[in-house]
Amino acid sequence: MVQLVGPLSKELADSVSSCKILVVGAGGIGCELLKNLVLTGFKNIEVIDLDTIDVSNLNRQFLFQKKHVGKSKAQVAKESVLRFCPSANITAYHDSIMNPDYNVEFFRSFQLVMNALDNRAARNHVNRMCLAADIPLIESGTAGYLGQVTVIKKGVTECYECQPKPTQKTFPGCTIRNTPSEPIHCIVWAKYLFNQLFGEEDADQEVSPDTADPEAAWNPEDTAARATASDQDGDIKRVSTKDWARSTGYDPVKLFNKVSSGFILCLFKDDIMYLLTMDKLWKKRKAPVPLDWAEMLQLGEDPGCGTGLKDQQVLNVGGYSRLFQHSVETLRSQLADKGDGAELVWDKDDPPAMDFVTAAANLRMHIFSMNMKSRFDVKSMAGNIIPAIATTNAVIAGLIVLEALKVLNSDIQQCRTIFLNKQPNPRKKLLVPCALDRPNPNCYVCASKPEVTVKLNVHKTIVQALQDKILKEKFGMVAPDVQIEDGKGTILISSEEGETEANNGKMLSDFGIRNGSRLQADDFLQDYTLLVNVLHSEELPKDVEFEVVGDAPDKAPPSKAPEEEKSITNGNKDSAQPSTSSKAVVEEDDLLIVDSDEEPSSSTADVSTETSSLKRKHQDAETGEAASKRKRLDQQSADDDDDIIALD
């Protein structure tokens, strides 16, 4: 059991009451943390969170009540804390920490930053801002019964990005729109469709066929002629779903009054017929089969196959067609009730929204010759249902404060990465502290001269992809500026709006970039410079636009055992939504649980705990022997205080 040894010294108590700290996140961990901070004596606190309160938060985020639903988490958390600690000086920001207003100077105004986040992008950003400002950061995360806390100090410990994260499960936009091969592709497409028609407009969530699919390599003139048949059938003009919805003025009646003909024909017949004209896609794949609404009406609706609850049964295609129609009519009514300009937000717990995604996804699965899924299965994949446990958040929040006290006491060498396990280790302890590692010299974030090598095809990679998918998505930059090291200082990308917009659609090769070229990428907000070495290749794997060469440090986490893989996240269902980029992303970070009675190095574990793959380490960190097979001798461990966190 972790114990707080002794009362705070006068010097430490004074530091606690006078220091200024930043809390990033006011959700599950954040609520517990704010309570702990003020009760420990912290007086000057600033908290930032972009999220608003949802009903589903109320079972564990105790600073919020039903009357607060829809309000700012940061603001309500501040008001609730001040009720039991009115002497505290708390500033709340309902904003994103990635807003340029929160620059390096902003971070330098704090003595300590504490993360209570639920997504990797924000964690990466705060990590870099704290490195640039040289401010200690305490990182944390929970996943059901699992949790962990670590301390990050520039030049002293590993940063958040020193160790590799497991590759994210990404689905290129052309796969979602043109060539789905797995049920998850169809489910993501259905959620995109919901947002296109009922929710917030997002150009990266297009659902119509992707005519720019590089694999198709089609001749637009020839295909236009072959697509005539599709245009004649139903006389529907080829437009994107978004343009089509916009053309109706987003009038729900106009959009859906022909749900039994034009609407379903466009999505499940005309779009599919259009895809068939891109014949190169189907040379090595089974071609999709368009659905005809008239035929769907003639099909009987079976009661569903499979045993168990209704949600666990799989309907036939006729049943899903009727479910689709019914859900659209219900959602149309909901949208009309909200008034002009209203939007619906997809929620797995909203029956009509879940019915819509279940039906649309299964109809698309049927078109592409996949086995259809039950509503239960679709909900599990679409909602990324993850356990969120208040007790875990409370334990982790307490550990954050204990590590913060060590930092303020100038005792960084005593700081630890601490893991909260679901099961006791061989010494019957749930909390296992690990020594902090030194910075990884090969880290592309905190190394003295960050540098990476990226393998790509310079003749197929456009400047926009370099900016969005490589620099922003992969390397976590917010507003990059890129200069080609060609002796002339050619500016390829500028963070100033409009300066290099004309470059976006051009290939890298158009600027003389070739094998061996070097690009200097600067993010002035993060005070971060990265040198990118270009390795040209024309033999990248299918659906892979680029690869980072040698970016994995030597001490990569061990491979996971398939039977132990679980889908877990940071205890916040809101963090598990699909990406709004052109790739659908399922966040997946590793959480390594250490089953050793020694104090291992924290390098064997990933600090982040979003959607994770549970891994259990069975070998001793030093001997390599399986812990379960080691002989339990009578001698005591060299340090029986592994589980005690001392402050003095």
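Keep in mind that what you see is a predicted model, and the values were worked out from it rather than measured.

What counts and how
Residues numbered from 1 in each chain as written. Predicted model: local features only at pLDDT ≥ 70, side-chain atom pairs only at ≥ 80, totals over all residues. Heavy atoms only, no water. Helix = DSSP H or I, 4+ residues; strand = E, 2+ residues; numbered from the N terminus. Contact = heavy atoms within 4.5 Å. Areas by Shrake-Rupley, 256 points an atom, 1.4 Å probe, with all protein chains shown as cover. Buried < 20%, exposed > 50% of the residue type's maximum accessible area, 1.4 Å probe, protein only. Pairing = 2+ DSSP bridges. Salt bridge = Lys/Arg side-chain N within 4 Å of Asp/Glu carboxyl O. Axes fitted to C-alpha atoms, helices over the stretch in contact; angles between N-to-C directions. UniProt positions renumbered as here; feature names shortened; annotations may be inferred. Phe/Tyr/Trp six-rings, centres within 6.5 Å; stacked < 30°, edge-to-face > 60°. Polar contact = N/O pair within 3.5 Å; in protein donor to acceptor, adjacent residues only side chain to side chain. Expected span 1.5 Å × (residues − 1). Arc of directions from axis to C-beta. pLDDT = per-residue confidence, 0-100. Parallel < 35°, antiparallel > 145°, perpendicular 65-115°, else oblique. Left-handed = near helix turned anticlockwise from the far one by under 90°. Nonpolar A, V, L, I, M, F, W, Y, C, P; charged D, E, K, R; others polar.

**Student:** Before we move on, could you go through the overall build of the chain and cite the residues and values that matter?
**Tutor:** For the chain, the helix and strand inventory stands at 18 helices and 20 strands. Pairs at least 24 residues apart make up 71% of the contacts formed inside the chain by residues separated by at least 6 positions. Of the accessible surface of the chain, which amounts to about 29000 Å², a share of 49% is contributed by carbon and sulfur atoms.

**Student:** Help me get a handle on the pairing of strand β10 (residues 431-435), residues and values and all.
**Tutor:** Burial runs high along β10: 4 of the 5 residues are buried. The pairing of strand β9 (residues 416-420) with β10 spans 5 bridges and is classified as antiparallel. The partner of Leu420 across the bridge, within β10, is Leu431.

**Student:** Can you tell me about the pattern of salt bridges, naming the residues and giving the values?
**Tutor:** For the structure shown, the criterion picks out 16 salt bridges. A salt bridge links Arg518 to Glu485; the shortest N-O distance between them is 3.4 Å. In this pair, Arg518 sits in strand β14 (residues 518-523) while Glu485 sits in the loop between β12 (480-484) and β13 (490-493), placing the two residues 33 residues apart along the sequence. Residue Arg518 is classed as partly exposed on the basis of its relative accessible area, which comes to 31%. Here Glu485 falls in the partly exposed class, since its relative accessible area comes to 41%. Where salt bridges share partners, they join Lys348, Asp349 and Lys379 into one cluster.

**Student:** Pulling in residues and values, what's your account of the sheet that holds β13?
**Tutor:** Spatially, 6 strands are ordered β13-β12-β14-β15-β11-β16 in an open sheet, and the strand pairing comes out mixed. Single-partner strands in this sheet number two, and they are β13 and β16 (546-549). Geometrically, the sheet is characterised by an average inter-axis angle of 30° between neighbouring strands, direction not taken into account. As paired strands, β14 and strand β15 (residues 528-536) are joined by 6 bridges and run antiparallel to one another. Within β15, the residue paired with Gln520 across the bridge is Leu531. Helix α18 (residues 463-474) contacts β11 (451-456), β12, β13, β14, β15 and β16 of the sheet and is inclined by roughly 70° relative to β13.

**Student:** For the environment of Phe376, give the residues involved together with the corresponding values.
**Tutor:** Summarising the element assignment, Phe376 is placed in helix α16 (residues 375-383). According to the relative accessible area criterion, Phe376 is partly exposed, its value standing at 44%. Leaving out residues up to four positions away in the same chain, Phe376 has contacts with Asp311 and Gln312.

**Student:** With reference to specific residues and values, describe the UniProt feature "active site" (unreviewed entry) in the chain.
**Tutor:** UniProt annotation of "active site" (unreviewed entry) refers to Cys174 when read in the numbering used here. Its place among the elements puts Cys174 in helix α6 (residues 173-177). Judged by relative accessible area, Cys174 falls into the buried class, the value being 14%.

**Student:** Tell me about the packing of aromatic side chains, residues and numbers included.
**Tutor:** Scanning the model with the defined rule gives 11 aromatic pairs in all. For the pair Phe106 and Phe110, a centre-to-centre distance of 5.1 Å together with 75° between the ring planes defines the contact as edge-to-face. Under the relative-accessibility criterion, Phe106 is labelled buried at 13%. On the accessibility criterion, Phe110 (1% relative accessible area) is buried. A centroid spacing of 6.0 Å and a plane angle of 65° characterise the contact between Phe194 and Phe356, whose relative ring orientation is edge-to-face. Highlighted residues: Phe194 in helix α7 (residues 183-197) and Phe356 in helix α15 (residues 351-367), separated in sequence by 162 residues. Taking the relative accessible area as the measure of exposure, Phe194 reaches 1% and is therefore buried. Connected via pairs of aromatic rings, a cluster forms that spans Tyr93, Tyr102, Phe106, Phe107 and Phe110.

**Student:** Any chance you could break down the side chain of Gln467 for me, citing the residues and the numbers?
**Tutor:** With respect to the secondary-structure elements, Gln467 resides in helix α18. Look at Gln467 and you get buried, because its relative accessible area is 13%. Of note is the side chain of Gln467, whose polar atom sits 3.2 Å from the side chain of Asp468. Among all residues touching Gln467, those that are not within four sequence positions of it are Lys472, Pro480 and Ile493.

**Student:** Describe the sheet that holds strand β6 (residues 137-143), with residues and values.
**Tutor:** Within the open sheet, the 8 strands sit side by side as β4-β3-β2-β5-β6-β7-β9-β10. Their pairing is mixed. Only two strands of the sheet have a single neighbouring strand rather than two, namely β4 (89-93) and β10. Each strand axis lies, on average, 15° off the axis of its neighbour in the sheet, ignoring direction.

**Student:** Go over helix α3 (residues 73-84) with me, naming the residues and quoting the values.
**Tutor:** Side chains three or four residues apart in an α-helix point the same way, a direct result of the helix having 3.6 residues per turn. Taking 1.5 Å as the rise per residue, α3 with 12 residues should run 16 Å; its terminal C-alpha atoms sit 17 Å apart, in good agreement. If you check which residues of α3 are buried, you get Lys73, Ala74, Val76, Ala77, Ser80 and Val81. With its buried residues spanning 165° around the axis, α3 presents them on a single face. Next to the buried residues of α3 lie α2 (28-40), β3 (44-48) and β4.

**Student:** Would you mind going over unusual backbone geometry in detail, with residue names and values included?
**Tutor:** One non-glycine residue, Asp134, lies in positive phi territory at about 55°. As for its position among the elements, Asp134 is in the loop between α5 (120-133) and β6. Residue classification places Asp134 among the partly exposed residues on the basis of a relative accessible area of 39%.

**Student:** So, the confidence of the model for the chain: which residues are in play, and what are the values?
**Tutor:** Of the residues in the chain, 72% have a pLDDT of 70 or more, and the chain-wide mean is 77. Across residues 1-5, confidence stays below pLDDT 50; counting only partners more than four residues off in sequence or on other chains, it has 17 contacts. Between residues 552-599, whose pLDDT stays under 50, and residues either more than four places distant or in other chains, the model counts 182 contacts.

**Student:** Please provide a residue-by-residue account of the environment of Leu508, values included.
**Tutor:** With respect to the secondary-structure elements, Leu508 resides in the loop between β13 and β14. The exposure class assigned to Leu508 is buried, which follows from its relative accessible area of 0%. When the C-alpha atoms of Leu508 and Ile462 are compared, they prove to be 5.7 Å apart, with 46 residues separating the residues in sequence.

**Student:** Explain the packing of α7 against α15 residue by residue, including any values.
**Tutor:** Two packed helices can be described by the angle between their axes and the distance between those axes. The interhelical angle for the contact between α7 and α15, taken along N-to-C directions, is 130°, at an axis separation of 8 Å. It follows that α7 is oblique to α15 by the angle criterion. The handedness of the crossing between α7 and α15 is right-handed. Two secondary-structure elements touch here, α7 through Pro183, Cys186, Ile187, Trp189, Ala190, Lys191, Leu193, Phe194 and Leu197 and α15 through Ala353, Phe356, Val357, Ala360, Ala361, Arg364 and Met365. Its residues placed into classes, the contact of α7 with α15 shows 14 nonpolar, no polar and 2 charged.

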